[in-house]
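These are the residues of each chain, in order.
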Amino acid sequence: MVCVNQSHRYMLILFCAVLLEIFIGGGVGLIRFNDIPLRMVLMAIYWLFFIFFLTVRPSQLRLDLDALLIFIIIMWTVFSALVGLWNNNEIRYIYDDVKPMMYFLIYFPMKATVDYYRVSYKVVYKILLVASIVMSTSIIAIYIKSSAMNSALEFELYKKEITDFLGVGVIQFRSFGEGIFYSGMHYLVVTNIFILYFFTVRKLSIPEWLIFYVNAATILISNTKGLIVMMVIGCGLVIACGKVKRSVILFIFATIVIMFLEYEFFGFDRLNFNAFVSMGSHSIRWLVFNQSLDFINEAPVIGNGFGVALESRLGHQENSYLDILVEQGLVGLGLYVLLFYQVLRGLLAYKNTVYLAFASYILGLIVISATNPYINNPMGIILIVLAMIYKKEASKVRE
């Protein structure tokens, strides 16, 4: 019995550890063992404890509509991988496409952990706050040091130093002094959506205020339109649908003023609309779009399988929906539509609760995934899974 109880406790520890690693590690993960991400090791151990947990408490495996939908998505992932092999797509690209989809498997041990331990959303919120502090302060420190470089040569040497330490592609530097992008910034947006929701229903603590504004500054430092748009959408929906107080108007005004001052200070060219229209990335997106249509016309229903490599872009393309249509077809896209319907139907039934923050994030994710690969990426999938789990809790707990 002691061993059983310990295994249960380890599941709760692993629940927190997996979320903390993903929230801080972003899309790639910071810690690796011989090229194996720490999160994959944690998830494998999590599943082993989950299997042992089921041998003792098999009733915790509840096969409802959500579990069935996750199972179908995983089976379609396997089918799409086989189609990719049939079409002679490169195995390394197939592996890269299958790997993020396997994050849907975390639904089952996490659902069991939340049900057995009655893990509140507050645990997830606290993990987001901790991850935000670590991430935002680190990125701002790197940005300040890079901006202090006296020449482009010093800047390039500093970039190499950071790349050698963290790995290739973990942090992306814009042009000299133009900002820094890190995939984990996605979770700074999520954190701010939750903080703003709590602001509409209770008094925020000083650390929450500081985290909100430091996160906002870090998102601006990223010089990334997608993140800024997502934060505006998510926070806007929280304000529009939540219990809005008079003080919220002052809060919004203060935030806009601060962001304007930051924009003027940093002078980000990438956030300028005229510059955006003429940017090379804009024309590349259209090229990717046209090439994707050719693949979609070849196999519109079941797709061309994982591992499709466009001439203009290898691996994941930035439009998640095109990526899904090209590789998984209308069936794959339909599964995502059904997934979002299930999640939002459960969350929006309780408009005056914290589950509104989950729903606002999901709606923002749906919009921004047209220009960013989030819904078929670990960063988006893990929060979709959490939303699926906690939408059931919404039917049990009213705040």
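The text that follows walks through the structure, step by step, so that each part is easy to find. (Residues numbered from 1 in each chain as written. Predicted model: local features only at pLDDT ≥ 70, side-chain atom pairs only at ≥ 80, totals over all residues. Heavy atoms only, no water.)

Once that is clear, we can look at helix α4 (residues 91-101). Those residues of α4 lying buried are Tyr-93, Ile-94, Asp-97, Val-98, Pro-100 and Met-101. Here the buried residues of α4 occupy an arc of 170 degrees about the axis, which is enough to place them on one side. Turned more than 90 degrees from where α4 packs its buried face, Ile-91, Arg-92 and Tyr-95 sit exposed. (Buried < 20%, exposed > 50% of the residue type's maximum accessible area, 1.4 Å probe, protein only. Helix = DSSP H or I, 4+ residues; strand = E, 2+ residues; numbered from the N terminus. Arc of directions from axis to C-beta.)

Okay, a nonpolar patch on the surface next. A cluster of nonpolar side chains, Leu-65, Leu-68, Phe-71, Ile-72, Met-75, Val-78, Leu-82, Leu-85 and Ile-91, forms an exposed patch at the surface whose accessible area comes to about 850 Å². The element best represented in the nonpolar patch is helix α3 (residues 65-86), accounting for 8 residues. With respect to the helices and strands, Ile-91 occurs in helix α4. (Patch = residues over 30% accessible without salt bridge, like charges linked within 9 Å, V, L, I, M, F, W, Y side chains within 5 Å. Areas by Shrake-Rupley, 256 points an atom, 1.4 Å probe, with all protein chains shown as cover. Salt bridge = Lys/Arg side-chain N within 4 Å of Asp/Glu carboxyl O.)

The way to describe two aromatic rings as a pair is by their centre distance and the angle between their planes. Under the counting rule described, the total for this entry stands at 18 aromatic pairs. Relative to Phe-358, the ring of Phe-194 lies with its centre 5.0 Å away and its plane at 85 degrees, an arrangement referred to as edge-to-face. With Phe-194 in helix α8 (residues 186-201) and Phe-358 in helix α15 (residues 355-368), the pair connects residues that are 164 residues apart, well separated along the chain. For the pair Phe-194 and Phe-358, a shared accessibility class is recorded, and that class is buried. Summarising the aromatic geometry, the rings of Phe-358 and Tyr-390 are spaced 5.8 Å apart at their centres and angled 15 degrees between planes, so their arrangement reads as stacked. With Phe-358 in helix α15 and Tyr-390 in helix α16 (residues 378-394), this pair connects stretches of sequence that are 32 residues apart. (Phe/Tyr/Trp six-rings, centres within 6.5 Å; stacked < 30°, edge-to-face > 60°.)

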